Amino acid sequence: MTTPQPDVPPAAPDTRRARKSRPSRAGRNLPAAIGVGLALLLLLLAGLFLWPMGFVLIAVAAAVLGVWEVFRALESHGTRVPVVPVLAAAIAIPVTAYFGGQEAQLFALVASCAAVLVWQSLDHHHDGAARSAFAGVFLLLWVPFLIGYAVLPLHEATPPPGFGLWPEGAFPHPMLELVLTLLLVVANDTFGYIVGASLGKHPMAPKISPKKSWEGFAGSVAGAVVVGILGSAFLLGRPWWVGIVLAVVMVGAATAGDLAESMVKRELGIKDMSSILPGHGGMMDRLDSILFATPAAYLVFSLLPAG
């Protein structure tokens, strides 16, 4: 006969460790998110200021990873994508944008779309060929083509010959515009997160992204306006109102990009595209706002009068 044991309360968890590993209200591991975000920003700025071709290689790597993540997500949902021509386009489109400019970028897009259709027409081993072709073209337009706009200003800055550095540390104006664009994207994410996590009560799109609030959006606009005014005045030497225009457009475009990716993830029934970036999820979870913001910035700088 077993002697009954007195009830022993379970061991109290290490509350200090639990607090450290507990995600924030916005669902992120905040220290990891800050560390990874700063590391990526420093890597991008180092490429821009020290070796422009290095920035292009970073953009290509991001496009390849983004394409691969979306390919795997779609495939797990039953939609096959002709991944070989799409991965080739993820390399070709940003590189042609850097060396050939916007016309070369558009030509590479058209050629890539044709390659997807030809590749799919030669593959007779599965059903749903039309859906696969449409998915491939959609993926081309979403990732490689849009990321090409992050590289395009470097072509207009007259890149150094071959794979060299900027001559004598002279940084051309289009490159500085790209720096300000990246800083505004970071300001959008940072201030939106801080305000949304602490004050957010009214969701923008509860069915798509329940944690994105109007309060966070207002924080993004306020923070981006401050960064835009300072950057426009001290980095670009342009009037202060240019910074306000750019900030408002950037926040709107970045938010649209974020919501677009959230809509795709919700349709596929996944939380993150992958888990390769601690605190952020996948590469696409980091690229979502940049993909929409860089074409918007390119358009704004093209329409504004020269400073």
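Sequence order sets the numbering: in each chain, residues are counted from 1 along the sequence as written. For a predicted model such as this one, the threshold for reporting local features is a pLDDT of at least 70, and the threshold for listing and counting side-chain atom pairs is 80 or more; totals across whole chains, interfaces and linings nevertheless cover every residue. Excluding hydrogens and water, the side-chain figures rest on all heavy atoms present in the structure.

Per an unreviewed UniProt entry, the chain goes by the name Phosphatidate cytidylyltransferase and belongs to Sinomonas cyclohexanicum. What UniProt records for the chain under Subcellular location (unreviewed entry) is the sentence "Cell membrane". Here is the UniProt Catalytic activity (unreviewed entry) comment for the chain, exactly as written: "a 1,2-diacyl-sn-glycero-3-phosphate + CTP + H(+) = a CDP-1,2-diacyl-sn-glycerol + diphosphate". UniProt positions are given in the numbering used here, feature names are shortened, and annotations may be inferred rather than shown by experiment.

A. Representation of the nonpolar core within the structure. We call a set of buried residues a nonpolar core when its members are Ala, Val, Leu, Ile, Met, Phe, Trp, Tyr or Cys and they connect through side-chain atoms within 4.5 Å of each other. Residue exposure (1.4 Å probe, protein chains only): buried if accessible area is under 20% of the type maximum, exposed if over 50%, otherwise partly exposed. Counting residues in hydrophobic clusters, the biggest one holds 37 residues, and the most contacted among them are W142 and M284. For this core, the secondary structure elements donating two or more residues are α3 (52-76), α4 (83-121), α5 (129-156), α8 (240-268) and α9 (283-303). The next biggest cluster of nonpolar side chains, apart from the first, holds 36 residues, and it includes A224, L236, L246 and V300. Helix and strand assignments follow DSSP, with helices taken as H or I runs no shorter than four residues and strands as E runs no shorter than two, numbered in order from the N terminus.

B. View of a nonpolar patch on the surface. Nonpolar side chains collect at one region of the surface, where L50, W51 and L57 lie side by side and expose about 300 Å² of accessible area between them. Counting through the fold element by element, W51 comes out in the loop between α2 (30-50) and α3. Overall, W51 belongs to the partly exposed group, its relative accessible area being 34%. Put simply, a patch holds well-exposed residues, over 30% relative accessible area, that have no salt bridge, with like charges counted together within 9 Å and Val, Leu, Ile, Met, Phe, Trp or Tyr side chains within 5 Å. Using the Shrake-Rupley algorithm and a 1.4 Å probe, accessible areas are obtained, with residue cover drawn only from the displayed protein chains. Here, a salt bridge means any Lys or Arg side-chain nitrogen found within 4 Å of an Asp or Glu carboxyl oxygen.

C. Summary view of the UniProt feature "transmembrane region" (unreviewed entry) in the chain. Here the UniProt-annotated "transmembrane region" (unreviewed entry) positions come out as residues 29-49, 55-74, 81-100, 106-122, 134-155, 175-195, 216-234 and 240-260. Between the end C-alpha atoms of residues 216-234 there is a gap of 27 Å, over a span that is 100% helix and 0% strand. End-to-end, the C-alpha atoms of residues 240-260 are 31 Å apart, and along that stretch the chain is 100% helix and 0% strand.

D. Structural view of the packing of aromatic side chains. Stacked, edge-to-face and tilted are the three classes for Phe, Tyr and Trp ring pairs, Trp counted by its six-membered ring, which pair at centre distances within 6.5 Å; planes under 30 degrees apart are stacked, over 60 edge-to-face, the rest tilted. Per the counting criterion, the structure on display carries 6 aromatic pairs. Judged by centre distance (5.5 Å) and plane angle (35°), the ring pair of F138 and W142 falls under tilted. You can see F138 and its partner W142 sitting in helix α5, 4 residues apart, about one turn around the helix. W142 sits in the buried class, given a relative accessible area of 7%. Ring centres of W214 and F217 lie 5.9 Å apart, and the angle between their planes is 85°; this geometry places the pair in the edge-to-face category. Of this pair, W214 and F217 both sit in helix α7 (residues 214-235), 3 residues apart, which is roughly one turn of that helix. Judged by its relative accessible area of 45%, W214 falls in the partly exposed class.

E. Quick peek at α4. For α4, spanning 39 residues, the distance from its first C-alpha to its last is only 14 Å, which falls clearly below the expected 57 Å at 1.5 Å a residue. At G100, α4 shows its largest kink, close to 145°. In this analysis, the expected span of each helix is defined as 1.5 Å times one less than the number of residues it contains. Fitting axes to the seven residues ending at a residue and to the seven starting there, one defines the bend at that residue as the angle between these axes.

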